[in-house]
Amino acid sequence: MIFTLARRTQRMNSSAIREILKLTERPGVLSMAGGLPAPASFPIEALQRACDQVLSTQGAAALQYAATEGLPPLREWIARRLSQSAWQVEASQVLITTGSQQGLDLVGKVMLDEGSPVLVEQPTYLGALQAFAPYEPVFRPWASDAEGPLPSALSKAEPARLAYLVPNFQNPSGHGIADARRREIAQQTRRSNTPLLEDDPYGELWFDAPPPPPLAAHAPEQVIYLGSFSKVLAPGLRVGYIVTPRGEHPGTLALRAKLLQAKQASDLHTPALNQRIIMQLLDSGFDLEGHLETVRVRYRAQRDAMATALARHLPAGCTWQLPQGGMFFWVTCPDGIDTLQRLPSAVEAGAAYVPGVSFYAGSAPGQVNTMRLSFVTLSPSEIDEAVSRLARCLV
Ligand SMILES: Cc1ncc(COP(=O)(O)O)c(C=O)c1O
């Protein structure tokens, strides 16, 4: 049987990361390739109590179809929490999604046509490229300097349909954008009338100081913001959210309505059971701040272990910056080292990473000498061993 597939499927590729993850399941491989949070950080007992409570006191509602927008108290909780920064958010702006990955897909679905220019950082989150690609945009590399993406790339003369960035401890680079640059980008967003998609799953995972307010705080009418419980509680819950821009402008209301319709068509709603479990957890005296602090302390120690191991083992000429939060180091090797080519020998030696080339969009030439290393799923001593194995494959 020949199935004629839609043209858009030609733009769908299986994630290089997923393929690599399969390889790294081999016994003995110390993987720095995954983008997964540390399982030890999941609040399993508290979630179990919340789950029991939900099923015994609101079981029918939790197992019934529910509103596409999401559970009202959870939308209100999210609006309140985000409003603790310099940004004021109303619950009506919040649409609960099935992970922030669904947010990326829905925004792509309602905003992108064939040929729509989309500005993306170089490198950028691979899952965003995958989510947007089927809508057939043209990815435009967003030029940057040491401070982050350049505001001047947001141009009125050559408008982008959408500009996408990850402002905090970016996946894959680990970099964050400082407050001054955020304000400049937000200002230019307003001047050039460019919609900005701010994807922020890592903002709570800071090590030394909380990140500056989101770009949305400086351009609330222009920014679509994505958040997630994946790195705060657990990714298996699949609960994230879109915060649509503020205001009652007809364009804003149309965007909100279309996102809602797109979500309805996609999955009707995010599992009500999971939303209610999260709400129950947050309502039942769960110490969220204490929990986040435990995760930060844990990840900071792993970050420090990797920084020490990189300095101790990597050959001369390799460079990296110390991430101030999140889960990743981004390493640039000397010219002439192709990290994709070296991956099989690294896996053979028992260490895995993601070659940097996977994170560059479409026609932009990827930097073949870069790689992403996750520090959150290995213990400090495993990190030392993994980096030492890796180093032997880079000489
Ligand atoms: C930058 C970025 N955005 C979005 C996601 C998707 O997260 P989730 O769908 O679990 O909320 C990830 C996951 O790793 C990510 O790194």
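The rules we used
- Residues numbered from 1 in each chain as written.
- Predicted model: local features only at pLDDT ≥ 70, side-chain atom pairs only at ≥ 80, totals over all residues.
- Heavy atoms only, no water.
- Near = heavy atom within 4 Å.
- Polar contact = N/O pair within 3.5 Å; in protein donor to acceptor, adjacent residues only side chain to side chain.
- Areas by Shrake-Rupley, 256 points an atom, 1.4 Å probe, with all protein chains shown as cover.
- Helix = DSSP H or I, 4+ residues; strand = E, 2+ residues; numbered from the N terminus.
- Nonpolar A, V, L, I, M, F, W, Y, C, P; charged D, E, K, R; others polar.
- Axes fitted to C-alpha atoms, helices over the stretch in contact; angles between N-to-C directions.
- Parallel < 35°, antiparallel > 145°, perpendicular 65-115°, else oblique.
- Left-handed = near helix turned anticlockwise from the far one by under 90°.
- Contact = heavy atoms within 4.5 Å.
- Domains from an automatic or database assignment.
- Buried area = accessible area lost by both parts, 1.4 Å probe.
- Salt bridge = Lys/Arg side-chain N within 4 Å of Asp/Glu carboxyl O.
- Pairing = 2+ DSSP bridges.

Student: It is not clear to me how the site of the ligand should be interpreted in this structure. Could you clarify?
Tutor: Surrounding the ligand, one finds 13 residues, the nearest of these being Ser-100, Asp-199, Tyr-202, Ser-228 and Ser-230. Backbone polar atom of Gln-101 to an oxygen atom of the ligand: 2.9 Å apart, as the coordinates give it. At 2.8 Å, a side-chain N or O of Arg-238 approaches an oxygen atom of the ligand. Burial of the ligand by the surrounding chains reaches 92%, relative to a free accessible area of 400 Å². With three residues, helix H4 (residues 99-111) is the single largest residue contributor to the shell around the ligand. In terms of residue class, the shell around the ligand is built from four nonpolar, six polar and three charged.

Student: What exactly am I supposed to notice about the packing of helix H2 (residues 44-63) against helix H8 (residues 272-283) here?
Tutor: Packed helix pairs are characterised by how far apart their axes lie and by the angle those axes make with each other. It is at 8 Å that the axes of H2 and H8 come closest, and there the two elements cross at 125°. As judged from the angle between their axes, H2 and H8 are oblique. Every pair of crossing elements has a handedness; the one defined by H2 and H8 is right-handed. Residues Ala-46, Leu-47, Ala-50, Cys-51, Gln-53, Val-54, Leu-55, Gln-58, Ala-61, Ala-62 and Leu-63 of H2 form the contact with H8, whose participating residues are Ala-272, Leu-273, Arg-276, Ile-277, Gln-280 and Leu-281.

Student: Quick question: what am I supposed to make of the domain arrangement of the protein chain here?
Tutor: A common way to express how large an interface is: the accessible area buried when the components associate. Under the domain assignment, the protein chain is made up of domain 1 (9-42 + 289-392) and domain 2 (67-268). Taken residue by residue, the interface counts 35 residues in domain 1 and 33 residues in domain 2. Summed over both sides, the interface of domain 1 with domain 2 buries roughly 2,900 Å², with 61% coming from carbon and sulfur. It is Arg-11, Arg-296 and Phe-359 in domain 1 that bury the most area against domain 2; as a group they hold 23% of the surface buried on that side. At the surface where domain 1 touches domain 2, the tally comes to three salt bridges. Close ionic contact of Arg-296 with Glu-204 constitutes a salt bridge, the shortest N to O distance being 3.6 Å. Among the elements that make up the side of domain 1 that touches domain 2, the one with the highest residue count is helix H9 (residues 288-313) (eight residues). Within the side of domain 1 that touches domain 2, the residues separate by chemical class into 18 nonpolar, eleven polar and six charged.

Student: Is there a simple way to explain the side chain of Glu-136 in this structure?
Tutor: Locating Glu-136 in the fold gives a position in the loop between helix H5 (126-132) and strand S4 (138-142). Here the side chain of Glu-136 touches Arg-7 through a polar contact of 2.8 Å, side chain to side chain. Discounting chain neighbours no more than four positions away, the residues touching Glu-136 are Arg-7, Arg-11, Asp-113, Glu-114, Gly-115 and Ser-116.

Student: Just checking my understanding: could you explain the sheet that holds strand S10 (residues 240-243) for this structure?
Tutor: Two pairing modes exist for strands in a sheet, parallel and antiparallel, and in both the strands are linked by backbone hydrogen bonds. The strand order across the open sheet built from seven strands is S2-S10-S9-S8-S7-S3-S4, with neighbouring strands paired in mixed fashion. A single partner strand is all that each edge strand has here, and the edge strands are strand S2 (94-97) and S4. Pairwise comparison of adjacent strand axes, ignoring direction, gives a mean angle of 20° for this sheet. Pairing between strand S9 (residues 223-228) and S10: four bridges, direction antiparallel. Residue Tyr-225 lies in a different strand from S10, and its bridge partner there is Val-243. Across the sheet, helix H3 (residues 72-82) lies against S2, S9 and S10, angled at about 115° from S2, the strand it touches most. Sheet strands touched by H4: S2, strand S7 (162-165), strand S8 (196-199), S9 and S10. Its angle to S9, the strand with the most contacts, is close to 155°.

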